[in-house]
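Single-letter residue listing:
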Amino acid sequence: MRYYSVIAPLALVSLALTAPLAAQSDAPPATGQYTAVAVPPLGPASDYEWNYSRSDVPVDPAWTFGTLPNGMRYALRHNETPAGTALVRLRIGSGSLEEHDDERGLAHYLEHMAFNGSAKIPEGEMVKLLERKGLAFGADTNASTGFETTTYKLDLPRTDGDMIDTALMLMRETASNLTLSPAAVERERGVILAEKRDRNTYALRATEDSWQFLTPDARYTHRLPIGIDETIRAADAARLRGFYKRAYAPANTVLIVVGDINVAKVEAKIRAMFGDWQPSAPPSAKVPSPIDTSRKGQAHIYLDPALSERVTVNRLAPWRDEPDTIAQRQRNLLRQIGYAIVNRRLAQLVRSEDPPFRAASFGSGDLFQSASATGLTIDTVDGGWQTGLDAAAKVWRQSMAYGFTNAEVAEQISQLRAAQINAAKSQDTRSNAALVNAVENLLQDGLVPSTPQDSLERFERFVPSITPDNVLAALREDAAPLDAPLIRLQGRTAPVGGVDALRRTWDTAMAAPIARPVEKVLPPFGYDDFGKPGTVVSDTVDPIMGIREIRFANGVRLNLKPTNLREDGIAFRLSLDGGELLDTAQDPLATAMVSTLPLGGLGKHSLDEIQSILAGKTVSFNLQSSGDAFVMEGTTIPADLSQQLELLTATITDPGYRNEGEVRYQQSIANFFEQKDATPASALANSIGSILSNGDPRFSLQPQCAYEALSFHKLRYGIGDRLAHGAIELALVGDFDPQVAIAEVARTLGALPTRETEFRDSPWLRERPFTDKRTRHIIYHTGESDQALVSFTWPTVGDSDLSKVAQFDLLERIVQIELQDELRERLGKTYSPSVSSSNSHLWIDYGTFNLAASVDVKDIEATQTAIATVLRDLARKPISSDLLKRARQPLLESYANALKSNAGWLRLADRAQTQPEMLEHFKEMPKRLKAVTHRQLRQIAGEYLTPAKAVEVLVLPATKAEAAASGTTDAPTEPATSSAPVAPKVGR
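Residues numbered from 1 in each chain as written. Predicted model: local features only at pLDDT ≥ 70, side-chain atom pairs only at ≥ 80, totals over all residues. Heavy atoms only, no water.

S.K.: Account for the overall build of the chain, naming residues and giving values.
M.R.: When you go through the chain residue by residue, the secondary structure sums to 30 helices and 25 strands. Relative to the compact-globule value of 30 Å for 988 residues, the chain shows a C-alpha radius of gyration of 28 Å, a close match. Reported as C-alpha extents along the three principal axes, the dimensions of the chain are approximately 70 × 70 × 65 Å. Taken over 988 residues, the chain has a buried fraction of 59%. Taking the contacts inside the chain whose residues are at least 6 apart along the sequence as the reference set, 85% of them involve residues at least 24 apart. With an accessible surface of roughly 36,700 Å², the chain has 53% of that area assigned to carbon and sulfur atoms. For the chain, the separation between the mean place of its 106 positive charges and that of its 122 negative charges on side chains is 2 Å. (Helix = DSSP H or I, 4+ residues; strand = E, 2+ residues; numbered from the N terminus. Rg over C-alpha atoms; globule rule 2.2 N^0.38 Å. Buried < 20%, exposed > 50% of the residue type's maximum accessible area, 1.4 Å probe, protein only. Contact = heavy atoms within 4.5 Å. Areas by Shrake-Rupley, 256 points an atom, 1.4 Å probe, with all protein chains shown as cover. Lys, Arg positive; Asp, Glu negative; His and termini not counted. Charge placed at Lys NZ, Arg CZ, Asp CG, Glu CD.)

So this is what it looks like as structure tokens:
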């Protein structure tokens, strides 16, 4: 077993300056990491027993691990975060790698069939049964198929005996009692083909190409879980049953139940319910086809108009089996620090005023149990690959030749220590999801789930051994040397000189001179004195939710809600008057660069300096434009609350506006516009705002040149007054001493000069148009020729009438259920139709109701007809009591569980003083939902959701000429790797 060895690059905008509070172990995290080749690792699939006893890492005693006589294993744990809930997972240790050549796609097909009938549950009734009990399909009821596992998931909103019995019964039915009727198999075929069609994007094709180049003969490259058309179209009940019998064996199955449960009772129920499952031989351990780790010196180019430029440099090496032991964790910790420092150096170049690349990372990862790979990944602006490759190679060579400075190692130790301390302090309030993840890491990677306190103690004992020399030695041992590497470039344009140019550039970079790194001296954080602490002029408790509401003499508002939901954890959100209401028809991009402002650091410190100065501090540094406010939010701990408040206050009083932040914004713009229509969904998202608003500039994508003309100078002019004078409201939720918090806010935000006390509420700022053009709109995407998207949007109302809001919330669920039944289950035309209702609090009397379905181009007319039929029937026919219950119960459960986390409370405390009506809304909504009648739902369906009142949008494939002629210049959706602006969402 080997752990991931590379730290993911920091996000471009929202910067968490230390590891997350949820850190679980002294071993490098086994999930959420970036690997150079983006291939998931293969765990001990042939190991059908609990293997923690092989390690000297002590297992967390709160777990109950067991094995039935038939070989099925289970892991149980009582946990009350959140209280009254539980997660149930049935994990089959086989996925697409288990498939034979004529079975590619059957593991995934079988996963779909688990929802289509069993011995006790007729076809079509499983989801309905769960909806009646408050589980929403997709959100609380789901399944997934990967290369090596298939997992069935139930998120239980309650843990009463009936709910637990139902969950275990459904998992037992899935394990061996599926009916797999021929008729059901045939009906599901269209759904799976639709899912495959939707997943066929430029990003997937690029990934497949990268796998084929790196490891052309490996089994995983031919075993994508979605399968191939030939197998999907030929699948029948007999073939599925053969795979079912082979893979779904007791010894190949693990049941995980974590939550507010009586472990002894649940264990007894599992033994009773699963004990009669007849044992059978588990699948034989499958070793993926050998990977030729001697491959080197080759280069490859892959082009697609939607792809930004990226160069990867990889070398393969033999796989090493490294079982989880304390000594191995120590070696991995040294490796992790080495990789992290290299990536830190690459990030420093990204933040320079003339960055050679947009992003870069260095790391190693396992390719299942066949090989490992070490590589550099460099993302550049189009045409910048040579500069980027040269700069990244220099960083790598310098690191491997000269190692690391004491300051660099100390920074990483501070980060790791903070994560370990935070985890240890909050170990008794870890979430159900975090604990389930710990068991999955044990099953996947053999990573023993120890207690965070044990991990912290081991870490502190090992710290004296974390020296620059030891870190370099561990990194050299782990990383394959990048001599004569495999080089791949993807992008829009082939480089001049082709693959030979790639090799020559690398060879030249390898021969260039390098120098020993220079140790830097950091100044102290420059923001700890904001003047005389403010005084409290008002201190009350709201009568609805018990939130303490405080006002300082300078106008700053503070909302406090202490909780014990997360030990040593604090969630915060600061709202400052302004936001997207500053965007006007004359200046629609006034706030477009706000989210990139932290990239410019602070007046006294660059972003890079901030990261080093605050290493080991649990603080967040971000800024967003949201509705009527600029927002800063994140999590901290009591020990770092003072530092977090200083950082918030400094962001308001002395933003850096440094050129490096502006450069990174500008680098993203061209790529955004190249990709904006690359899929049907992105084309729709980038057009719908303008269509619905009659081209209002505030909700429409502007010409590319308008974004290129933006600057921090213009941003300072646009938002400077709000930063200096706008009303401020800060909410703190979590484990803190209220008096300490009040004093710290008084010392920071409360010490600022007098500010406005109210958020601006000019009606003319909150007016949002909805088009009167109820005609069909056609826009074009540049993706696959068989992909289309059908969308209908209706205007509704704002959120002032709670009864109406409740009716629309229920109507959304009912339409979702009915479309799911009609378009997916009966017709097989789409994988997942979407329905959303939004009743805006920001825009006066503004709301939208939208439904959309991704379909095959040939099925557009049939889809439109089916949607019209569903809507017509809702308005004309009685809505059954059962359908209403299935729609209502998940909504009621969501309200019942909403305040079982700090995040839930933060949504209420956020604007408790300036938007007190939202507290009343939350309290009243369950009653309003229960009061909605069948007749009211039919009435609003007939009044609002008629085809004649809808804005219909068809997204169709087009040639480049058609796409250019379509002139789709509407509201953008930002890719995850871009810092381009995001226009207002529909119906906010």
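Resuming the write-up.
S.K.: Break down the pattern of salt bridges for me, citing the residues and quoting the values.
M.R.: In the structure shown here, the tally under the stated rule is 68 salt bridges. The residue Arg573 makes a salt bridge to Glu633 at a minimum N-O spacing of 3.1 Å. One end of the pair, Arg573, is in strand 16 (residues 570-577); the other, Glu633, is in strand 19 (residues 629-636), with 60 residues separating them in the sequence. For Glu633, a relative accessible area of 35% puts it in the partly exposed group. Several salt bridges share partner residues, and in doing so they unite Arg320, Glu322, Arg335, Glu477 and Asp478 into one network. (Salt bridge = Lys/Arg side-chain N within 4 Å of Asp/Glu carboxyl O.)

S.K.: Outline the packing of aromatic side chains, listing residues and values.
M.R.: Overall, the coordinates contain 23 aromatic pairs when judged by the stated rule. Centroid distance Tyr220 to Phe368: 5.0 Å. Interplanar angle 35 degrees. Geometry classified as tilted. Highlighted residues: Tyr220 in the loop between helix 5 (202-214) and helix 6 (229-234) and Phe368 in the loop between strand 10 (359-367) and strand 11 (371-380), separated in sequence by 148 residues. The residues Tyr220 and Phe368 share a single accessibility class, namely buried. Ring centres of Tyr895 and Phe922 lie 5.5 Å apart, and the angle between their planes is 45 degrees; on these two criteria the pair is classed as tilted. Pair noted here: Tyr895 is in helix 26 (residues 881-897) and Phe922 is in helix 28 (residues 917-931), with a separation of 27 residues, a long-range link. By relative accessible area, which is 18% here, Phe922 ends up buried. Following the ring pairs from residue to residue traces out a cluster consisting of Trp50, Tyr52, Trp63 and Phe65. Across from the ring centre of Tyr527, 4.9 Å away, lies the NZ or CZ of Lys604, which sits over that ring. Its guanidinium or amino end placed over the ring of Phe699, Arg768 lies 3.9 Å from that ring's centre, counting from NZ or CZ. (Phe/Tyr/Trp six-rings, centres within 6.5 Å; stacked < 30°, edge-to-face > 60°. Lys NZ or Arg CZ within 6 Å of the ring centre and 35° of its normal.)

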